[in-house]
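# Architecture and fold: a report
This is what each chain is made of:
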Amino acid sequence: AARVSVARLADDAQAVGSLRSRRSVMVRPEVSGRVTQINFRDGERVRRGQLLVQFDDQLPQAQVQQAQAELSIAQANDKRNRELVAQGFISQRSVDESAANLQVAQAKLALARATAERLRIMAPFDGVAGIRNVNVGDYLKDGTDIVNVEDLDAVYVDFRLPERFQNKIQRGQRAVLEMDALPGRRFVAVVHAIDPLIDANGRSVAVRGCVDNRELALRPGMFARVHTVFSEREQALVVPEEALVPQGARQFVYRVVQGEEGAPPTARRVEVRL
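Right, let's walk through the structure included here. All values reported here derive from a predicted model rather than from experimental measurement.

## With respect to the pairing of strand β10 (residues 182–199)
Relative to β10, strand β9 (residues 174–179) runs antiparallel, the two being bridged by six bridges. Following the sheet pairing, Arg174 is matched in β10 by Val190. Counting the residues that bridge the hairpin from β9 to β10 gives two residues. Relative to strand β11 (residues 204–212), β10 runs antiparallel, the two being bridged by seven bridges. Each residue of the ladder has a partner; that of Ala189, found in β11, is Val211.

This is the structure we're talking about:
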């Protein structure tokens, strides 16, 4: 015989997952060029818009200066023609041509500046730079890997749950992570997104949680054991498992009933719902 006790129970599930950066990018150039400056150190923090790598831009800068000079000439011609047409010395067609030439000069300058700007490789967001793969003097083709930038202030944990949990898992629920690489420590993740597609091969649903990582204790690629909590009951009645007597789909326990006026106690079978 054992007493019925009150305990705190959680409806949960166990899974395994892996960590990934909240934002991750491999920085690559859009055009070919020779590296003249590297303005970051491996493993250090970088800020959004920070110049990471500078390519040789002597020729594009010269093209910018040429386009600026042509724009100045086009502006002067357009201004003079507008004054002359007002006095009736030239036709309107000459003014239209000078206005068109001015627009062409403005477009050339914008193109030259855009070409020069592509030789400046900027950090796309705040993060931590990885280990660079290039050095000053290297000639890089477009699409060459330069360095990875990782946003580690928060990390995602991706894991899968069996399809029977699809109606239980919801955004905002919490999950507890245990890392083999960090024994004894636990981290709390909040469910951030649930894939609406069920994997036909494994009959599982993909879930993504978000973990606060401002202490930088976690790294992308780490293995995680995920303990997902669907619901909790603070005042749950519990009995030893061996006290349950199944009968078909029903469950029973034998309840000890005290006898009256000194009579011995008796056992009464009572149906329970788990």
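From this point, the discussion proceeds with the structure in view.
## With respect to the nonpolar core
One finds Leu19, Val157, Leu161, Leu177, Met179, Val211 and Leu218 to be the most contacted residues of the largest nonpolar core, which totals 23 residues. Those elements that provide at least two residues to this core are β1 (5–27), β8 (147–162), β9, β10, β11 and β12 (223–238). At four residues, the largest contribution of residues to this core is made by β8. Apart from the residues lying within four places of it in its own chain, the contact partners of Leu218 are Leu19, Val155, Met179, Leu182, Phe187, Val211 and Asn213. With 18 residues, the next largest nonpolar core counts Val27, Leu52, Phe55 and Ile121 among its residues.

## Re the side chain of Thr228
Position of Thr228 relative to the elements: it lies in strand β12. Thr228 sits in the buried class, given a relative accessible area of 0%. When residues no more than four places from it in sequence are discounted, the contact partners of Thr228 are Asp11, Asp12, Ala13, Phe159, Leu161, Ile169, Arg174 and Ala175.

## Re the pattern of salt bridges
The final tally for this structure, using the stated rule, is 22 salt bridges. Across the salt bridge formed by Arg23 and Asp151, the nearest N and O atoms sit 3.1 Å from each other. Taken together, the residues Arg23 in strand β1 and Asp151 in strand β8 connect sequence positions 128 residues apart. Residue Arg23 is classed as partly exposed on the basis of its relative accessible area, which comes to 38%. Looking at Asp151, the relative accessible area reads 2%, which means it is buried. Measuring nitrogen to oxygen at the nearest pair gives 2.6 Å for the salt bridge that ties Asp145 to Arg28. One end of the pair, Asp145, is in the loop between β7 (139–140) and β8; the other, Arg28, is in the loop between β1 and β2 (33–38), and 117 residues separate them in sequence.

Procedures and definitions
Residues numbered from 1 in each chain as written. Predicted model: local features only at pLDDT ≥ 70, side-chain atom pairs only at ≥ 80, totals over all residues. Heavy atoms only, no water. Pairing = 2+ DSSP bridges. Helix = DSSP H or I, 4+ residues; strand = E, 2+ residues; numbered from the N terminus. Core = buried A, V, L, I, M, F, W, Y, C linked by side-chain atoms within 4.5 Å. Buried < 20%, exposed > 50% of the residue type's maximum accessible area, 1.4 Å probe, protein only. Contact = heavy atoms within 4.5 Å. Salt bridge = Lys/Arg side-chain N within 4 Å of Asp/Glu carboxyl O.

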